[in-house]
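So you can see what is in the structure, the chains are spelled out below.
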Amino acid sequence: MPDETITRFFSPLIGGWREIEKENLIDCYYGTSYGNLSAEVLICSSVHPTDTVFEELKQHAILNNTLIQLRLMITSFLNSIEYLTSNYDLAEDGRVPATPKTLPQVYANVSGLVYDAIVSGRRLIDSIEKAINDVFGKESPEWVYWKGATKTFYDSSLSYALCYDLRNIVEHSFVALSTVNFDYKENVVGFAINLEAGLLQMDRIKPSLKQRLIDFYNERLAANLLPWISVAGTLNSYKSTICALYFEFLLLIKRSLWKWTPTATAKKEIGNYNCIIWRVANDDRYPLYSLDRAYRLQASTLLPLALENDIKMIRTRLLEIEPEKTEALESIERLLLESDELN
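As a starting point, this report considers the structure included with it. (Residues numbered from 1 in each chain as written. Predicted model: local features only at pLDDT ≥ 70, side-chain atom pairs only at ≥ 80, totals over all residues. Heavy atoms only, no water.)

## Examining unusual backbone geometry
Right, on to step 1. Within the chain, Asn181 stands out as a residue other than glycine whose phi angle is a positive 55°.
Right, on to step 2. Take Asn181: it is sitting in strand S5 (residues 178-183).
Right, on to step 3. With a phi angle near 60°, Asn224 is a residue other than glycine that sits in the positive phi range.
Right, on to step 4. Summarising the element assignment, Asn224 is placed in the loop between helix H5 (207-222) and strand S7 (228-230).
Right, on to step 5. Overall, Asn224 belongs to the exposed group, its relative accessible area being 72%. (Helix = DSSP H or I, 4+ residues; strand = E, 2+ residues; numbered from the N terminus. Buried < 20%, exposed > 50% of the residue type's maximum accessible area, 1.4 Å probe, protein only.)

## Things to note about helix H2 (residues 103-135)
Right, on to step 1. End to end, H2 covers 48 Å across 33 residues, agreeing with the expected 48 Å (1.5 Å per residue, within 8%).
Right, on to step 2. Backbone geometry just downstream of H2 places Gly137 in the positive-phi region, at approximately 95°. (Expected span 1.5 Å × (residues − 1).)

## Focus on the packing of helix H6 (residues 231-255) against helix H9 (residues 326-338)
Geometry of a packed helix pair, given as the angle between the helix axes and the separation of the axes.
Right, on to step 1. At their nearest, the axes of H6 and H9 sit 9 Å apart, and the two run at 30° to each other. The orientation of H6 with respect to H9, classified from their angle, is roughly parallel. Read as a crossing pair, H6 and H9 show a hand that is right-handed. Along the contact surface, H6 presents Phe247, Glu248, Leu251, Leu252, Lys254 and Arg255, while H9 presents Leu329, Ile332, Glu333, Leu335, Leu336 and Leu337.
Right, on to step 2. Of the residues belonging to the contact of H6 with H9, the class tally is 8 nonpolar, no polar and 4 charged. (Axes fitted to C-alpha atoms, helices over the stretch in contact; angles between N-to-C directions. Parallel < 35°, antiparallel > 145°, perpendicular 65-115°, else oblique. Left-handed = near helix turned anticlockwise from the far one by under 90°. Contact = heavy atoms within 4.5 Å. Nonpolar A, V, L, I, M, F, W, Y, C, P; charged D, E, K, R; others polar.)

## Observations concerning H6
Right, on to step 1. The end-to-end C-alpha distance of H6 is 36 Å, a good match for the 36 Å that 25 residues give at a rise of 1.5 Å each.
Right, on to step 2. In terms of burial, H6 is a largely internal element, 20 of the 25 residues being buried.
Right, on to step 3. Where H6 begins, the capping side chain belongs to Ser230, and its oxygen is found 2.9 Å from the backbone nitrogen of Gly233. (Polar contact = N/O pair within 3.5 Å; in protein donor to acceptor, adjacent residues only side chain to side chain.)

## Let's talk about the packing of helix H4 (residues 158-170) against H6
Right, on to step 1. Viewed as axis vectors pointing N to C, H4 and H6 meet at an angle of 90°, and their least axial separation amounts to 8 Å. Looking at the two axes, H4 sits roughly perpendicular to H6. Side by side, H4 and H6 meet where Ser159, Tyr160, Cys163 and Tyr164 of the first sit next to Gly233, Thr234, Leu235, Ser237, Tyr238, Thr241, Ile242 and Leu245 of the second.

What follows is the structure, given as structure tokens:
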């Protein structure tokens, strides 16, 4: 449906159609539903949707918007790490150019990028978890599978556990990064997560993670090594884990995509599903008041294709990080897409 034809919406409150301003259509393409806000689908055609069609389109719009937001989050996360690692050599032996005068600014730049990566990764995981709860519910096999997957990664990967928990710690003024091995002759500096810089004294750190860090600390000292954690190694491992979890989430959605695909009845009534999503401040059905703005939902036939593209993209990124994981990824796909039960 061309944009110029979207000029009115149906409202049972007035028993007919109401004109809308064209400028309301240019703000954004997607509607959403958060908290106590309801996403109301108001059809831009002469067809009055049935309640069944209305709910189909509404749920489809919410899922579509959720996937778009998560796609933006994973892109932001990957970009932050890749920009950081492509512009700074984060080896502990010190290869980042810095003079005594420029060191504070260099430190601020690197620390800020590391913080962005930590925060954006945790935000993505929290958002995926919320999406699984919203879509499937906490009693579902999908929720149980997700919680099991995140627990496995947390227990097996110190890098993931550290970055996951560091988000809350760095937000309370703890500086996670230390400059090390500053060379005054060559004017270069290194970066590390220094366990002697106060991290182990933080009350906010979980006891289980603190014990793992203490064990790591003792192992380093026993090997006559400084108690430093590699920034580059930690972030690259964190990136791999985040990508793996996002990959599994997308497969969970694909496994159940049929549940949110509009039926033939909806297709017939609404055509190609171009519709308006009104974002409103209450739960009343088809309200005429408290309207923020209107959004146009793209044809929902694009959703399966977009999901396939997301899966292909993240699979490619995972294999770029760890080429040896081809068989493991294929095994996960078989489990999530072909098995009757999630294990």
